[in-house]
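# An overview of the molecular structure
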Amino acid sequence: MININIQEKKYNKNTILENINIDVKEGEFLSIIGPSGCGKTTLLNIIASLDKDFQGQLKGDFSNISFMFQDHRLLPWLTIKENLLLVSKDKNLQEIENLIKSVGLENILEQYPNKLSGGMARRVALIRAFLNKPKLILLDEPFISLDYPTSIGLKKDFLNFCQEYKPTVILVTHDLSEAIFLSNRILFFGKNPARQIYEFINPNNQEFNLKRIDEIKNEILETYPKILEGIL
């Protein structure tokens, strides 16, 4: 269990986050949805200790965290092998090769990032996220800007790794369907300042069933038609 308690986070004189209190169970997949600019990425940065300028505290084990961003963030002057070895704690090349093969990529370790398609580069970023068997993975919309089949395939690969390594996961997203597919629980945020306005226990069980996902989505939006705007 980790606890994220942010009483207040300000930029200059503007309050960005206020009265945030989130408990996340070990192995849980939590999604956070809120309107653009409400502070979701700021929240992830605080959890990752990239931003320590806030009132509140974090409780639990934050010693082994990985982060997936909106782009792959591979270093362009290093090969794929060098990128992965750079972050690997045990420098186990055989493990890296096995992980590469497990997501359908082979013979790319000596290539540079600019030789990979967007989907291939994101899969390498996914491998990097799991390489050190993190206890907590933070996701800042890592599945955007991909075509639909590639995005779905990457999400399925991510869930397969979750089943194997069982990390706790926190995802921020604008995509309600994505959150319903991936999450055990969804928190909806309002803004000005950002705060929790609704919690949804997701019955989908991480199954890729478009009909069921749409049913759940429609149920939420029929009950709270402005919730994606941060209004309950």
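Read on for a plain summary of the structure.

## Quick look at the side chain of Glu95
Along the chain, Glu95 turns up in helix α3 (residues 93-102). Look at Glu95 and you get buried, because its relative accessible area is 15%. Engagement of the side chain of Glu95 in a polar contact is seen with the side chain of Lys133, the distance being 2.8 Å.

## Considering the pattern of salt bridges
Counting across every chain of the model gives ten salt bridges. We note a salt bridge from Asp51 to Lys9, for which the minimum N-O separation is 2.9 Å. Residue Asp51 is found in the loop between α1 (40-47) and β4 (55-59), and its partner Lys9 is found in strand β1 (residues 2-11); the two are separated by 42 residues along the sequence. By relative accessible area, Asp51 is classed as buried at 13%. Residue Lys9 is classed as buried on the basis of its relative accessible area, which comes to 2%. Among the charged side chains, a salt-bridge network with shared partners connects Glu28, Arg185 and Glu199.

## Quick notes on the sheet that holds strand β8 (residues 185-190)
In space, the six strands of this open sheet follow the order β5-β6-β7-β3-β8-β9, with mixed pairing throughout. The two strands at the open ends of the sheet, each matched to only one other strand, are β5 (65-68) and β9 (195-201). Between one strand axis and the next, the sheet turns through 20° on average, direction left out of account. The pairing of strand β6 (residues 136-140) with strand β7 (residues 168-173) spans five bridges and is parallel. Its bridge partner being in β7, Leu136 is matched across the sheet by Thr168.

Rules behind the numbers
Residues numbered from 1 in each chain as written. Predicted model: local features only at pLDDT ≥ 70, side-chain atom pairs only at ≥ 80, totals over all residues. Heavy atoms only, no water. Helix = DSSP H or I, 4+ residues; strand = E, 2+ residues; numbered from the N terminus. Buried < 20%, exposed > 50% of the residue type's maximum accessible area, 1.4 Å probe, protein only. Polar contact = N/O pair within 3.5 Å; in protein donor to acceptor, adjacent residues only side chain to side chain. Salt bridge = Lys/Arg side-chain N within 4 Å of Asp/Glu carboxyl O. Pairing = 2+ DSSP bridges. Axes fitted to C-alpha atoms, helices over the stretch in contact; angles between N-to-C directions.

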